[in-house]
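Architecture and fold: a report
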Amino acid sequence: MIEVENLVKKYGSHLAVNHLSFKVEPGKIYGFLGPNGAGKSTTMNIITGYIAATEGSVKINGYDIMKDAEEAKKCIGYLPEVPPLYQDMTVTEYLTFVARLKKIPRAEQQTQIAEVMNLTMISDISGRLIRNLSKGYKQRVGLAQAVLGYPEVIILDEPTAGLDPKQIIEIRDFIKKLGEKHTVILSSHILSEVQAVCDEIMILSKGQLVASDTPAGLMGLMNGGISLEISILGKKEKVEAVLKGFDRIQGYRFEKENEEGIVKLVIETDKEDDIREALFYALAENRLPVMSMNRLEKSLEDIFLELTGNEPGKEDDSNHRTGGESHDSDL
């Protein structure tokens, strides 16, 4: 469906995309995840033909986005972070304009417009001027233009940026529905959003692909061990003596505890070895009551920070391009 090979994009001395290669298979929802400046928006803009790569190639259904731009773009529907809306048009006028740009046969235009308005739930505002719409409705109109023509691939750059919680849930549900008939590539900073809707996650850092797997696969990849958070009634020296004699522990660290007489620590152990019962009895035999014991699982956020090296936030690379801006939200 989409083949990205050895993609490079430079803005002067700044390397925004660094020899990036990946494939997108049909019928899945892909999540593009990465900190500000990771190269997400630049990669999307190259895939859609909005900007040219410095090196490398992008093929959509076998069509090179630079050499066979018209055929390749027929396969793509694109929603930038800031929807490309004409504020003085009504919703119907704007979608009619988009249908003509996409060269949808005139006999099919009104039927398709009615269908995508129904799909994005904007039929009731079809006669309103776009400038008078709320942020959520403008986003829906942007989604409608991306779906017009029913392209095989829908690319969405930060589709829920700036929306309220109710609108975010509605857009997520819509993306899931899109995934039933289209291949979807979704860029987002919201980890829970990517985890909730995506079949595959690609994590970018400094213009390179550092991981690509299912959400469950990423969790398994990074979860090489298990952490146990334990609170014990007793003295630190006595607790440490028990731990040193317990050979199934890979490591431990003491944490600050405000409650007097309580020792709090985090223990690391192999993920295949559940030591909770044996550890409980070992402590009990030494008259060290366990007040609490929690198994800590790594979250997608932990994995994200570990893979991207906990990069500090900075402006997205897409701000370097001519003719537009992109405002990525913070983590």
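All values derive from a computational prediction rather than experimental measurement.

Positionally, Gln109 belongs in helix H4 (residues 106–119). For Gln109, a relative accessible area of 5% gives the class buried. Dropping the residues within four chain positions of it, Gln109 is found in contact with Thr96, Ala99, Arg100 and Ile104.

The next thing to look at is the pairing of strand E8 (residues 183–188). Burial within E8 is extensive, with six of its six residues counted as buried. Here E8 shows a buried face lined by Thr183, Ile185 and Ser187 and a second buried face lined by Val184, Leu186 and Ser188. Note: strand E7 (residues 153–157) against E8, five bridges, orientation parallel. Bridge pairing links Leu156 to Leu186 in E8. Handedness of the E7-helix H6 (residues 165–178)-E8 crossover: right-handed.

The next thing to look at is the nonpolar core. A general feature of soluble globular proteins is that nonpolar side chains tend to end up buried together. Core analysis: the largest hydrophobic core is formed by 42 residues, its most contacted members being Val91, Leu95, Ile122, Val141, Leu148, Leu156 and Ile175. If sequence neighbours within four positions are ignored, Ile175 has contacts with Ile29, Leu156, Pro159, Val184, Leu186 and Val197. Of all hydrophobic cores here, the second largest spans 28 residues; its members include Met44, Ile65, Cys75 and Ile76.

Next up on the list: the pattern of salt bridges. Counted according to the given criterion, the structure contains eleven salt bridges. Its salt-bridge partner being Arg131, residue Asp88 comes within 2.4 Å of it at the nearest N-O pair. Of this pair, Asp88 sits in the loop between strand E6 (76–79) and helix H3 (91–101) while Arg131 is found in the loop between H4 and helix H5 (135–147), placing the two residues 43 residues apart along the sequence. The exposure class assigned to Asp88 is exposed, which follows from its relative accessible area of 59%. If you follow the salt bridges from partner to partner, you end up with Arg140, Lys166 and Glu170 in one network.

Looking now at the sheet that holds strand E1 (residues 2–11). The strand order E2-E1-E4-E5 describes an open sheet built from four strands, whose pairing is antiparallel. In the strand order of this sheet, the two ends are held by strand E2 (14–24) and strand E5 (63–64), each with one partner. The sheet contact formed by strand E4 (residues 55–60) and E5 spans two bridges and is antiparallel. Within E5, the position partnered with Lys59 by the bridge is Asp64. Here helix H1 (residues 40–47) sits on the sheet and contacts E1, E2 and E4; the angle it forms with E1, its principal contact strand, is near 120°.

What follows concerns the sheet that holds E8. Through backbone hydrogen bonds, the strands of a sheet pair up, either in parallel or in antiparallel fashion. The mixed open sheet is built from six strands, whose spatial order is E6-E7-E8-E3-E9-E10. Where the open sheet ends on each side, the last strands, each with one partner, are E6 and strand E10 (208–213). Strand after strand, the sheet turns through a mean of 15° between neighbouring axes, direction not considered. Taken together, the four bridges between strand E3 (residues 29–33) and strand E9 (residues 200–205) define a ladder with parallel strand orientation. Following the sheet pairing, Tyr30 is matched in E9 by Glu200. With respect to the sheet, H5 is in contact with E6 and E7, its orientation differing from that of E6 by roughly 165°.

Attention shifts here to the packing of aromatic side chains. In total, this model carries five aromatic pairs according to the counting rule given. For the pair Phe280 and Tyr281, a centre-to-centre distance of 5.6 Å together with 80° between the ring planes defines the contact as edge-to-face. What makes Phe280 partly exposed here is its relative accessible area of 39%. Look at Tyr281 and you get partly exposed, because its relative accessible area is 47%. Members of the aromatic cluster, each reached through a chain of ring pairs, are Tyr86, Tyr94 and Phe97.

Conventions we followed
Residues numbered from 1 in each chain as written. Predicted model: local features only at pLDDT ≥ 70, side-chain atom pairs only at ≥ 80, totals over all residues. Heavy atoms only, no water. Helix = DSSP H or I, 4+ residues; strand = E, 2+ residues; numbered from the N terminus. Buried < 20%, exposed > 50% of the residue type's maximum accessible area, 1.4 Å probe, protein only. Contact = heavy atoms within 4.5 Å. Pairing = 2+ DSSP bridges. Right-handed = clockwise from strand over helix to strand, strands pointing away. Core = buried A, V, L, I, M, F, W, Y, C linked by side-chain atoms within 4.5 Å. Salt bridge = Lys/Arg side-chain N within 4 Å of Asp/Glu carboxyl O. Axes fitted to C-alpha atoms, helices over the stretch in contact; angles between N-to-C directions. Phe/Tyr/Trp six-rings, centres within 6.5 Å; stacked < 30°, edge-to-face > 60°.

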